[in-house]
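# Notes for the structure review
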Amino acid sequence: MMTLLIALLTLTVCTLARWYLERPGRKERGALGGTVRLTTLWNRGAAFGLPLGREMLVLLSTLALAATALFWHRRNPIGAGLVLGGGVSNLWERLRHGKVLDYLRFPALPGKLGKYVYNLADLALFLGALLLALLPRKKG
């Protein structure tokens, strides 16, 4: 139950952020003292510019989400919820538009990481996967 609630909350927050930021007239601006830049960018490819087509991205996303829902939700419900919410958010956006709206850039990150543009779903996916990999299996 916790996994589903976290997934729904993540999906809702990601959807509201995209709804707000995809409106016309949004300009790049800084936040949190310049450590975060809001930059809207439509991304047709995979993470970090990997050259995967839409069909392959949809297939891989669906398989990863199914595996998370079926196997990993018991290991860590919070991590699984973040992965499911972020994954469904990006998958829905890709199915709806054929691309994903990215809008967060962290210029202080080292190397190329500071040049990439992310979205909240990407961050939820990363944090959720990290929690699934590092935290011990939930008892019971």
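Residues numbered from 1 in each chain as written. Predicted model: local features only at pLDDT ≥ 70, side-chain atom pairs only at ≥ 80, totals over all residues. Heavy atoms only, no water.

## Examining the overall build of the protein
The test is simple: Here a helix means four or more residues in a row that DSSP labels H or I, a strand means two or more in a row labelled E, and each is numbered from the N terminus. To sort residues, take the accessible area from a 1.4 Å probe on protein chains only and compare it with the maximum for the residue type: under 20% means buried, over 50% means exposed, and anything in between is partly exposed. Contacts are assigned to residue pairs with any non-hydrogen atoms lying within 4.5 Å of each other. Where accessible areas are quoted, they stem from the Shrake-Rupley method and a 1.4 Å probe; at the residue level, only the protein chains shown are allowed to cover.
Of the regular secondary structure elements, the protein holds four helices and four strands. The proportion of buried residues among the 140 residues of the protein is 36%. Across the protein, contacts joining residues at least 24 apart in sequence account for 69% of those joining residues at least 6 apart. About 8,800 Å² of surface is accessible on the protein, with carbon and sulfur atoms providing 71% of the total.

## Digging into the side chain of N76
Counted only if it meets this: By the criterion applied in these results, polar contacts are pairs of N or O atoms within 3.5 Å in which, for protein atoms, one can donate a hydrogen and the other can accept it, and in which residues neighboring in sequence qualify only through two side-chain atoms.
Relative to the helices and strands, N76 resides in the loop between α2 (54-72) and α3 (77-97). With relative accessibility at 8%, the residue N76 sits in the buried group. Here I78 takes part through its backbone nitrogen, which lies 3.1 Å from a polar atom of the side chain of N76. With near-sequence residues (within four places) excluded, N76 lies in contact with L131, L132 and L135.

## Regarding the packing of helix α1 (residues 2-21) against α3
In plain terms, the rule: Orientation is described by lines fitted to C-alpha atoms, with helices fitted over the stretch in contact, and by angles between N-to-C directions that extend from 0 to 180 degrees. Each crossing gets its hand from how the near helix is turned against the far one by less than a right angle, where anticlockwise is left-handed and clockwise is right-handed. Charged means Asp, Glu, Lys or Arg here, nonpolar means Ala, Val, Leu, Ile, Met, Phe, Trp, Tyr, Cys or Pro, and polar covers whatever is left, Gly included.
In the contact formed by α1 and α3, the axes pass within 7 Å of each other and the chain directions differ by 40°. As α1 runs across α3, the sense of the crossing is right-handed. Within the contact between the two elements, α1 uses M2, T3, I6, A7, T10, L11, C14 and R18 and α3 uses P77, I78, A80, G81, L82, L84, G85, G86, V88, S89, N90 and E93. Its residues placed into classes, the contact of α1 with α3 shows 11 nonpolar, seven polar and two charged.

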